[in-house]
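Examining the three-dimensional arrangement
Residue strings, one per chain:
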There are 2 protein chains.
Amino acid sequence: MNLTQTIKRPTLHEELVERLRNLVVEDGLKPGEKVPEKELCESFGVSRTPLREALKVLASEGFVVLQANRGARVAEVTRQELENTFPVIAVLEQLAGELACQNLDADELAWIEKRHSAMLRAYQARDRTSYFQANQDVHQALIRGAKNDILEGHHKLLAARVRRVRFMANLSDERWAQAIDEHENMMNRLRARDSGGLGQLMKLHMMNKFAAHIQALDAQSGDTAAT
Amino acid sequence: MNLTQTIKRPTLHEELVERLRNLVVEDGLKPGEKVPEKELCESFGVSRTPLREALKVLASEGFVVLQANRGARVAEVTRQELENTFPVIAVLEQLAGELACQNLDADELAWIEKRHSAMLRAYQARDRTSYFQANQDVHQALIRGAKNDILEGHHKLLAARVRRVRFMANLSDERWAQAIDEHENMMNRLRARDSGGLGQLMKLHMMNKFAAHIQALDAQSGDTAAT
DNA sequence: AAACGTAATTATGAATTCATAATTCAGTCA
DNA sequence: TGACTGAATTATGAATTCATAATTACGTTT
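Residues numbered from 1 in each chain as written. Chains lettered and ligands numbered in written order. Predicted model: local features only at pLDDT ≥ 70, side-chain atom pairs only at ≥ 80, totals over all residues. Heavy atoms only, no water.

1. What to know about the protein's contact with DNA strand D
Where we set the bar: If even one non-hydrogen atom of a residue comes within 4 Å of a molecule or strand, that residue is called near it. N or O atoms closer than or at 3.5 Å make up a polar contact, with two conditions inside protein: a donor-capable atom paired with an acceptor-capable one, and, for residues adjacent in sequence, both atoms drawn from side chains. Numbering of helices and strands starts at the N terminus; helices are DSSP runs of H or I of at least 4 residues and strands are runs of E of at least 2. In this count, Pro and Cys sit with the nonpolar residues alongside Ala, Val, Leu, Ile, Met, Phe, Trp and Tyr, while Asp, Glu, Lys and Arg are called charged and the others, Gly among them, polar.
Taken together, 15 residues form the shell around DNA strand D, and within it A:L12, A:S47, A:T49, A:R70 and B:R52 come nearest. Backbone atoms, meaning sugar and phosphate, make up 70% of the atoms of DNA strand D lying within 4 Å of the protein. Between DNA strand D and the protein, one listed contact pairs a base nitrogen with a side-chain N or O atom of A:T49 at 2.8 Å. Between DNA strand D and A:N69 there is a distance of 3.3 Å, counted from a sugar or linking oxygen to a side-chain nitrogen or oxygen. If you list the elements that add at least two residues to the surface near DNA strand D, you get α1 (12-25) and α3 (48-61) of chain A together with α3 (48-61) of chain B. In the surface near DNA strand D, the residues fall into three nonpolar, eight polar and four charged.

The following block contains the structure:
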């Protein structure tokens, strides 16, 4: 019996990092907005010290920007940043695909098959919410399956940063069909344990996804500019 | 004329992050060692608040480990971590190579040629220190040349984490010759602006380098175990 | 009324203080 | 002697305080 396990009591600032990051990622705080130290302190019931510690961490992760003597602002997600982030995520997914082929165990593969099926059903029903959930589950399981903490950690951070841009509405019928097709191919490569092939496909899948997003962004800003 | 440029006065904790990270990377604090808050405070002439803020950031970057109510320890570089980090660096360098081919300007290319030549000369003279410097310059310039801040930032962090392991002594004659050969090939691909080719080569170059390091590590620990 | 300058207010970075958890060190008993 | 107990000490996390920079509010001048 292992008695060394301590009671899981995360320190205050760690919890705050989580909650603040969520606030930023889930749009509780809008980009460019000033982070209201005082209000957050009382709403969380903590003093400024741990909150500010958390802000320093968030800043190093790129979610907020610190200005000397002017506090923190929620970082804007610029188009430039998106265009820089996407290819990095893509190569990380490529690596994840390669490693997952080698390291996935049977249980994990079964789970992925299950979520993949759920994703297909969601597509048939044109249920965007379920689709996105299942899709994210598949990708996450592939990353996990790579069994590489460093890879997982960096991927998670980058993914969180782009998740702030709400892409769900951007999914066109054509792109959706294409994405489904790509996922089918990925599953085939995975079942065959073709690591190079899966890696290539995942990278391509990501690049296609991102290209679609950028295109949608452009169309959007074009609209806005025209108005 | 741009008058919006502010006087570069970095905040205390930012400076501390730099200095502490350096201390860890450059081995001023040994892995596993407890981080002596008090001494560092007086040696830097600051109070605990900014120092602890810096430690939180270092922890999120993986250089130190925080234990609740037991302060910070310098993170150990485990073999597992090295084996996980290497492939991630490798794919980032691959991407950097691809992007650098597309985005390098003439000045940057000239600088790389210069440092590449210096590297060759250092090899002829078997001058390890100069070789490592020139080699690092080349790689850094290639990363910079990719013109992708996200890529650069993540690469820098990962590179710092493995730099803590002192590999210089591990360079065998065979591996050295091979590395030089790989660099020549890389330069040829770069001159031809063959982005896919350079990417492939850089990834391979990294994987070979890392394989050699792991081998050396094994030999070393084998020795130690035998003694 | 608009623009400027100055005082009041607020927000921020950093030092200090405080409560508590961890560690050290005696002293006790087997 | 050596393991255990419990008080003394130290270290740590978090709250509070403090000095100063930034912002706002208010008069003054034109």
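Once you've had a look at it, read on.
2. Some words on the pattern of salt bridges
Residues and elements named next belong to chain B. Let me state the cut-off plainly: Just to be clear on terms, a salt bridge is a Lys or Arg side-chain nitrogen sitting within 4 Å of an Asp or Glu carboxyl oxygen.
On inspection of all chains with the given rule, the structure shows 34 salt bridges over all chains. Its salt-bridge partner being E108, residue K147 comes within 3.2 Å of it at the nearest N-O pair. Of this pair, K147 sits in the loop between α6 (128-145) and α7 (149-163) while E108 sits in helix α5 (residues 106-124), placing them 39 residues apart in sequence.

3. Describing the interface of chain A and chain B
What counts, and what does not: The contact definition used throughout considers only heavy atoms, calling two residues in contact when any of these lie within 4.5 Å. Buried area is calculated as the accessible area (1.4 Å probe) missing from two parts once they are joined, with the contributions of both summed.
Residue-level contacts link 29 residues of chain A with 29 residues of chain B. Summed over both partners, the interface of chain A with chain B buries about 2,500 Å², with 65% contributed by carbon and sulfur atoms. Looking only at chain A, the three residues that lose the most surface to chain B are A:K56, A:I150 and A:H154, adding up to 22% of its buried area. Where chain A meets chain B, there are six salt bridges. Counting across the interface, chain A meets chain B through four residue pairs in polar contact (both at pLDDT 80 or more). Counting only elements with at least two residues in the side of chain A that touches chain B, the list comes to α3, α4 (79-103) and α7 (149-163) of chain A. Sort the elements by how many residues they give to the side of chain A that touches chain B and α4(A) lands first, with nine residues. In the side of chain A that touches chain B, the residues fall into eleven nonpolar, eight polar and ten charged.

4. Examining the pairing of strand β2 (residues 71-74) of chain A
On a regular strand, one side chain projects to one face of the sheet and the next to the other, so that they alternate. Residue and element names in this part refer to chain A. The condition is simple: Two strands pair if DSSP finds at least two bridges between them.
Where strand β1 (residues 64-67) lies against β2, four bridges are found, and the strand directions are antiparallel. When the bridges of β2 are listed, L66 appears paired with A72. As consecutive antiparallel partners, β1 and β2 are separated by three residues, and within that stretch N69 has a phi angle of approximately 65°, a positive value.

5. Quick notes on the domain arrangement of chain A
Interfaces are often sized by the accessible area lost when the parts come together. Residues and elements named next belong to chain A. The test is simple: Each domain span listed reflects an automatic or database assignment of domains.
Domains assigned within chain A are domain 1 (12-74) and domain 2 (79-226). Each of domain 1 and domain 2 was reduced to a C-alpha centroid, and the two centroids are 29 Å apart. Both sides together, the interface formed by domain 1 and domain 2 hides about 700 Å², and carbon and sulfur atoms give 53% of it. When residues of domain 1 are sorted by the area they lose upon contact with domain 2, V25, E61 and F63 head the list and together hold 57% of the total. Taken together, domain 1 and domain 2 are joined by one salt bridge. Between R166 and E26 there is a salt bridge whose closest N-O contact spans 3.3 Å. A per-element tally of the side of domain 1 that touches domain 2 places α1 first, with three residues.

6. Overview of the protein's contact with DNA strand C
Near DNA strand C you find 14 residues, and of these A:R48, A:R52, B:L12, B:S47 and B:T49 are the closest. Among atoms of DNA strand C positioned within 4 Å of the protein, sugar and phosphate together represent 69%. Note that a phosphate oxygen of DNA strand C is positioned 2.8 Å from one of the backbone N or O atoms of B:L12. In the environment of DNA strand C, a sugar or linking oxygen lies 3.4 Å from a nitrogen or oxygen atom belonging to the side chain of B:N69. Counting residues per element, the ones that place at least two in the surface near DNA strand C are α3 of chain A together with α3 of chain B.

7. Side note on the environment of B:R128
In this fold, B:R128 is placed in helix α6. Separated by 68 residues in the primary sequence, B:R128 and B:G196 place their C-alpha atoms 30 Å from one another.

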